[in-house]
Amino acid sequence: MLKHIDYLYFNIYSYFYRSSQYRQVFNPRLQAMYLFSLGLGGWLLFFESMYLHFWRHSRFESKMQSSIFAGMIYMLTAAFFNYVFIIRDRDQKIFGKYETLVDGHKRRKLHLVLSLSVLLLPYALMTVLAVMFPRH
C-alpha cells in the first residue's frame, strides 16, 4: 500500500520538477506536497461527510462550523506532509527510487492523470453526494 502512495506522490512531484526546469515556478517540492495534502484532506472530508450523513444522520450545524473543520483538516494534513516529505526528505528518497524507472516510460502522462484523478476524486464524490442528498 505504501508503495502505491509513494508512486502516486512521485508522479505529482515529477511533473512539478520537470515543469520547474522549463519555466520559473514556485518550489516543486512544496507544490507537490500541498497538492498531495489537499488530496488527502479531500478524502478525509469525504469520509467524514459519509459518516455524518449515513451513520449519524446529521450535518454540521452551520456553514462556519463546517468551514472551520475543513480548514483544520487541510492545515493538519499540510503540517503532517510538510514534516514527512520536506523536513524528513522523504520526497527526495521517493524521487530517487522511481526516477530511473520512469525516465523513458511511455505512459508517464497517463500515470500523472491517474494520480491527479485519485486526488480529485473525493471532491467529485462530495459534489455528487451534495446533489443527491441536499440539505433541507
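Placed above this text is the structure.
Residues numbered from 1 in each chain as written. Predicted model: local features only at pLDDT ≥ 70, side-chain atom pairs only at ≥ 80, totals over all residues. Heavy atoms only, no water.

Undergrad: Which parts of the structure should I look at to understand the overall build of the chain?
TA: In terms of helices and strands, the chain carries five helices and zero strands. Of the regular secondary structure in the chain, the N- to C-terminal order runs α-α-α-α-α. C-alpha atoms of the chain, sized along the principal axes, occupy 55 × 30 × 30 Å. Scored against the burial criterion, the 136 residues of the chain give a buried share of 31%. Contacts spanning at least 24 positions in sequence make up 79% of the contacts within the chain whose residues lie at least 6 apart. Of the roughly 9,400 Å² that the chain leaves accessible, carbon and sulfur atoms contribute 66%. Side-chain charges of the chain comprise 16 positive and 7 negative groups, with the mean position of each set lying 7 Å from the other. (Helix = DSSP H or I, 4+ residues; strand = E, 2+ residues; numbered from the N terminus. Buried < 20%, exposed > 50% of the residue type's maximum accessible area, 1.4 Å probe, protein only. Contact = heavy atoms within 4.5 Å. Areas by Shrake-Rupley, 256 points an atom, 1.4 Å probe, with all protein chains shown as cover. Lys, Arg positive; Asp, Glu negative; His and termini not counted. Charge placed at Lys NZ, Arg CZ, Asp CG, Glu CD.)

Undergrad: Is there a simple way to think about the environment of M75 in this case?
TA: Tracing the sequence through the fold places M75 in helix α3 (residues 63-87). For the pair M75 and S37, spaced 38 residues apart in the sequence, the C-alpha separation amounts to 8.7 Å.

Undergrad: Is there a simple way to explain the pattern of salt bridges in this structure?
TA: When the charged atoms of two side chains with opposite charge come close together, those side chains can pair. Enumeration over the complete set of coordinates arrives at four salt bridges. We note a salt bridge from K97 to D6, for which the minimum N-O separation is 3.6 Å. With K97 in helix α4 (residues 90-102) and D6 in helix α1 (residues 2-22), this residue pair connects regions lying 91 residues apart in the sequence. Taking the relative accessible area as the measure of exposure, K97 reaches 44% and is therefore partly exposed. (Salt bridge = Lys/Arg side-chain N within 4 Å of Asp/Glu carboxyl O.)

Undergrad: I'm lost on unusual backbone geometry in this one. Help?
TA: Peptide bonds are mostly trans, and most non-glycine residues show a negative phi. Even without glycine at this site, D89 takes up a positive phi of about 55°. Tracing the sequence through the fold places D89 in the loop between α3 and α4.

Undergrad: What's the story with the side chain of S37 in this structure? I'm lost.
TA: Inspection of the secondary structure assignment puts S37 in helix α2 (residues 28-56). Under the relative-accessibility criterion, S37 is labelled buried at 3%. The residues contacting S37, other than those within four sequence positions of it, are T77, A78 and F81.

Undergrad: Would you mind going over α2 with me for this structure?
TA: Residue pairs spaced three or four apart in an α-helix point in one direction, given the helix's 3.6 residues per turn. In a regular helix each residue adds 1.5 Å, so 29 residues correspond to 42 Å; α2 covers 40 Å between its end C-alpha atoms and thus fits that length. Between a side-chain oxygen at the N-terminus of α2 and the backbone nitrogen of R29 the separation is 3.1 Å; the capping residue is N27. Of the residues one or two after α2, H57 is the one with positive phi, at around 55°. (Expected span 1.5 Å × (residues − 1). Polar contact = N/O pair within 3.5 Å; in protein donor to acceptor, adjacent residues only side chain to side chain.)

Undergrad: Can you walk me through the packing of α1 against α2 in this structure?
TA: Between two packed helices, what matters for the description is the angle formed by their axes and the separation of those axes. Running from N to C, α1 and α2 cross one another at 140°; their axes reach a closest spacing of 8 Å. In terms of orientation, α1 lies oblique with respect to α2. Between α1 and α2 lies a crossing of right-handed hand. Contact with α1, carried on its side by I5, L8, Y9, I12, Y13, F16, Y17 and S20, involves P28, R29, Q31, A32, M33, L35 and F36 of α2 and no other residues of that element. Residues belonging to the contact of α1 with α2 are distributed by class as follows: 12 nonpolar, two polar and one charged. (Axes fitted to C-alpha atoms, helices over the stretch in contact; angles between N-to-C directions. Parallel < 35°, antiparallel > 145°, perpendicular 65-115°, else oblique. Left-handed = near helix turned anticlockwise from the far one by under 90°. Nonpolar A, V, L, I, M, F, W, Y, C, P; charged D, E, K, R; others polar.)

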